[in-house]
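Summary of structural features
Residue strings, one per chain:
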Amino acid sequence: MDLPGLLRLAYSAERAAAYAYQGHAASVRDAAERARIAVIEAEEWQHREHAARMMRRLGVRPSRYLELKYAVIGRIIGWSCHVIGYFMPMYFAGRLESGNVNEYLRLIELVRGTALADEYACILEMARVEKEHEMWFLERVSGHPWLPRFTGLFGWGEGRSFNSFSPGERAAG
Ligand SMILES: [Fe+2]
Ligand SMILES: [Fe+2]
């Protein structure tokens, strides 16, 4: 995917995530967990603002198709959190966040040598925050009896991440 395409995808997918976490937070009983998910939602809105700024700087407009598609996906996931119990929303959120880390690491590569090269630190910070989200959701499901089977089916879980990002890592600028 090229730089405009990845920015458009990130911009729309961040709102999907924020919508999904609105539903997720509302479905969780524990007040501390609800508060943490609300913070995660706020961080996804921040990511969307960063993506918006980068698109403006490049003269790239959001995709109306992706905006609609991801708004619908985000709302459906948000609603579904109320009916599928505790484990699955936590598991699939962590799995999704695990992939998000890679999208921002890929974005760092794509901005190199472009007008957005100076966004490097901001994008790295977004990757770090997504990693933090991934690890928080992993903690919620770790030790759950369903986790090994889900990890086998969906490829993510304890010791199985889609990214090899570790906090403090610095990709070459
Ligand atoms: Fe995000
Ligand atoms: Fe996230």
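See above for the structure.
Now for a description of the structure that goes with this document. As the structure is a prediction and not an experimental result, all values here were calculated from the model. Residue indices follow the written sequence of each chain, beginning from 1 at its first position. Chain A is the first chain written and ligand 1 is the first ligand written, with later ones labelled in order. Owing to the predicted nature of the model, reporting of local features is limited to residues with pLDDT of at least 70; listing and counting of side-chain atom pairs is limited to 80 or more, with chain, interface and lining totals taken over all residues.

Section: the overall build of the chain
Only DSSP runs of H or I with at least four residues qualify as helices, and only runs of E with at least two residues qualify as strands; both kinds are numbered from the N terminus onward. Each helix and strand counted, the chain has six helices and zero strands in total. Listed by position from the N terminus, the elements making up the chain come as α-α-α-α-α-α. Within these notes, the globule rule equals 2.2 Å times the number of residues to the 0.38 power, and the radius of gyration is based on C-alpha atoms. For 173 residues, the compact-globule estimate of 2.2 N^0.38 gives 16 Å, and the chain sits close to it at 16 Å. A residue is called partly exposed when the number of other C-beta atoms within 10 Å of its own lies between 12 and 20, exposed at 12 or fewer, and buried at 20 or more, with C-beta atoms placed from the backbone. Residues classed as buried in the chain amount to 36% of the 173 residues present. What counts as a contact is two residues whose backbone-derived C-beta atoms lie within 7 Å of each other. Within the chain, counting contacts between residues at least 6 apart in sequence, those at least 24 apart form 78% of the total.

What to know about the nonpolar core
Nonpolar cores are built from buried Ala, Val, Leu, Ile, Met, Phe, Trp, Tyr and Cys residues. These are joined into a set through C-beta atoms within 7 Å. Residues Tyr 104, Ile 123 and Ala 127 are the most contacted members of the largest nonpolar core, which totals 29 residues. When residues of this core are traced back to their parent elements, those giving at least two are helix H1 (3-27), helix H2 (31-58), helix H3 (64-80), helix H4 (87-111) and helix H5 (120-141). No other element matches H1, which puts ten residues into this core. Aside from chain neighbours lying at most four places away, what touches Ile 123 is Tyr 104, Leu 107, Ile 108 and Val 111. In this structure, Met 90, Phe 92, Ala 93 and Leu 138 belong to the second largest nonpolar core, which totals eight residues.

A few points about the environment of Tyr 19
Along the chain, Tyr 19 falls in helix H1. Sequence separation of Tyr 19 and Ala 71 is 52 residues, and the distance between their C-alpha atoms is 7.5 Å. With near-sequence residues (within four places) excluded, Tyr 19 lies in contact with Ala 71, Gly 74, Arg 75 and Gly 78.

Things to note about the packing of H1 against H4
Contact geometry of H1 with H4 gives a least axis separation of 11 Å together with a crossing angle of 155 degrees. With respect to their mutual orientation, H1 and H4 come out roughly antiparallel. Crossing of H1 against H4: the hand is left-handed. Of the residues in H4, those touching H1 at Leu 3, Leu 6, Ala 10, His 24 and Ser 27 are Pro 89, Ala 93, Glu 103, Arg 106, Leu 107, Leu 110 and Val 111. A breakdown of the residues in the contact of H1 with H4 according to their chemical character gives eight nonpolar, two polar and two charged. Note on method: axes are straight lines fitted to C-alpha atoms, helices fitted across the in-contact stretch only, with angles between N-to-C directions ranging 0 to 180 degrees. An angle below 35 degrees is read as roughly parallel, one above 145 as roughly antiparallel, one from 65 to 115 as roughly perpendicular, and any other as oblique. Helix crossings get a hand from a simple test, with the near helix turned counterclockwise from the far one by less than a right angle marking a left-handed crossing and a clockwise turn marking a right-handed one. Any residue that is not Ala, Val, Leu, Ile, Met, Phe, Trp, Tyr, Cys, Pro, Asp, Glu, Lys or Arg is counted as polar, Gly included; the first ten are nonpolar and the last four charged.

Some remarks on H2
Taking 1.5 Å of rise per residue, 28 residues should cover 40 Å, and H2 covers 41 Å from first to last C-alpha, within 8% of that figure. Here H2 has its buried residues at Ile 37, Ile 40, Glu 44, His 47, Arg 48, Ala 51 and Met 54. At its buried positions, H2 is contacted by H1 and H5. Downstream of H2 by one or two residues, Gly 59 has phi in the positive range, about 75 degrees. One fewer than the residue count of a helix, multiplied by 1.5 Å, yields its expected span.

A few points about the environment of Ala 93
Relative to the assigned elements, Ala 93 resides in helix H4. Along the backbone, Ala 93 and Tyr 65 are 28 residues apart, and their C-alpha atoms lie at a distance of 23 Å. Residues in contact with Ala 93, not counting those within four places in the same chain, are His 24 and Phe 137.

Looking at the environment of Ala 17
Looking at where Ala 17 falls in the secondary structure, it is placed in helix H1. Setting aside its immediate chain neighbours within four residues, Ala 17 contacts Glu 44 and Gly 74.

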